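# Breakdown of the fold
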Amino acid sequence: MGGRKDQGAGFVRVQKNRAYFSRYQVKFRRRREGRTDYRQRKRLCAQDKNKYQSPKYRLVVRFTNTQVICQVAYALIDGDRILASATSRELARYGLKVGLKNYAAAYCTGLLVARRLLKKLGLDDIYEGNTDVDGELVSTEYEKKTFFVDEVNDDKYPFRCFLDVGCKATT
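Described below are features of the structure shown in this document.

Rules of the game
- Residues numbered from 1 in each chain as written.
- Predicted model: local features only at pLDDT ≥ 70, side-chain atom pairs only at ≥ 80, totals over all residues.
- Heavy atoms only, no water.
- Pairing = 2+ DSSP bridges.
- Helix = DSSP H or I, 4+ residues; strand = E, 2+ residues; numbered from the N terminus.
- Axes fitted to C-alpha atoms, helices over the stretch in contact; angles between N-to-C directions.
- Core = buried A, V, L, I, M, F, W, Y, C linked by side-chain atoms within 4.5 Å.
- Buried < 20%, exposed > 50% of the residue type's maximum accessible area, 1.4 Å probe, protein only.
- Patch = residues over 30% accessible without salt bridge, like charges linked within 9 Å, V, L, I, M, F, W, Y side chains within 5 Å.
- Areas by Shrake-Rupley, 256 points an atom, 1.4 Å probe, with all protein chains shown as cover.
- Salt bridge = Lys/Arg side-chain N within 4 Å of Asp/Glu carboxyl O.
- Lys, Arg positive; Asp, Glu negative; His and termini not counted.
- Charge placed at Lys NZ, Arg CZ, Asp CG, Glu CD.
- Expected span 1.5 Å × (residues − 1).
- Contact = heavy atoms within 4.5 Å.

### Comments concerning the sheet that holds strand 5 (residues 79-87)
Sheet architecture is open: 4 strands sit in the order 5-4-3-8, paired in mixed fashion. Taken across any chain shown, the strands that pair with only one partner, and hence form the sheet edges, are strand 5 and strand 8 (162-164). If you compare each strand with its neighbour and ignore which way they point, the axes differ by 30° on average. Sheet topology note: the strand 4 (residues 68-76)/strand 5 ladder contains 8 bridges and is antiparallel.

Shown next, in the form of structure tokens:
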């Protein structure tokens, strides 16, 4: 059955026959749609075994046709949980009505979701953020880790998460 096939001018080998298609396995639906890179997701969600069920947080940023969506999420076995979220459409109440998909809107939406998260976790009074904007990067070494705050509180550490932009290029 899977030998050669007569195509007029000569013989052409049939490459994909019944044996090939009987072993073929389709990819996951979200992979076929180009929505999820499962190798990247595994590295962003899998926590080290010595961390004992502590969640690995990630800042999920998605660009749609009209807006930017930012969420702080962590993965569980039955699905992801969202701690805080913000969209660039909410920037209208702060005076930004157009250009909701550009780099500046993504930055402002990230700041908005960060402030909401800090308020939810009770860290907004401890870590105020940068009050005077001068373009200088502030970092503090504490117990062999680098935190980007003025000083680290002994009771509550600053919130840390990984950036997840999905299939979009970041440069």
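### What about the nonpolar core?
Formed by 16 residues in total, the largest nonpolar core has its most connected members in V61, V72 and V113. Among the elements of the structure, strand 3 (58-63), strand 4, strand 5 and helix 4 (103-121) are those that each provide at least two residues to this core. If you tally residues by element for this core, the top one is helix 4, at 5 residues. Within the second largest apolar cluster, 6 residues are counted, among which are L118, L123, Y127 and V152.

### Considerations on unusual backbone geometry
The phi dihedral of Y52 is positive, around 55°, even though this residue is not glycine. Along the chain, the position of Y52 falls in the loop between helix 3 (38-45) and strand 3. Given a relative accessible area of 71%, Y52 falls into the exposed group. Despite not being glycine, K144 has its phi angle at roughly 65°, a positive value. By the element assignment, K144 lies in the loop between strand 6 (140-142) and strand 7 (145-147).

### Brief notes about a negative patch on the surface
Residues D132, D134, E136, D150 and E151 make up a contiguous surface patch of negative charge. As for its position among the elements, D132 is in the loop between helix 4 and strand 6.

### Regarding helix 4
Between its first and last C-alpha atoms helix 4 spans 27 Å; for 19 residues at 1.5 Å apiece the expected length is 27 Å, and the two agree. Residues of helix 4 that are buried include every one of A105, A106, T109, G110, L112, V113, L117 and L118, and no others. For helix 4, the elements touching its buried residues are strand 3, strand 4 and strand 5. Just downstream of helix 4 lies G122, where phi reads positive at about 80°.

From the geometry alone we can't say anything about function, so treat these as descriptive.
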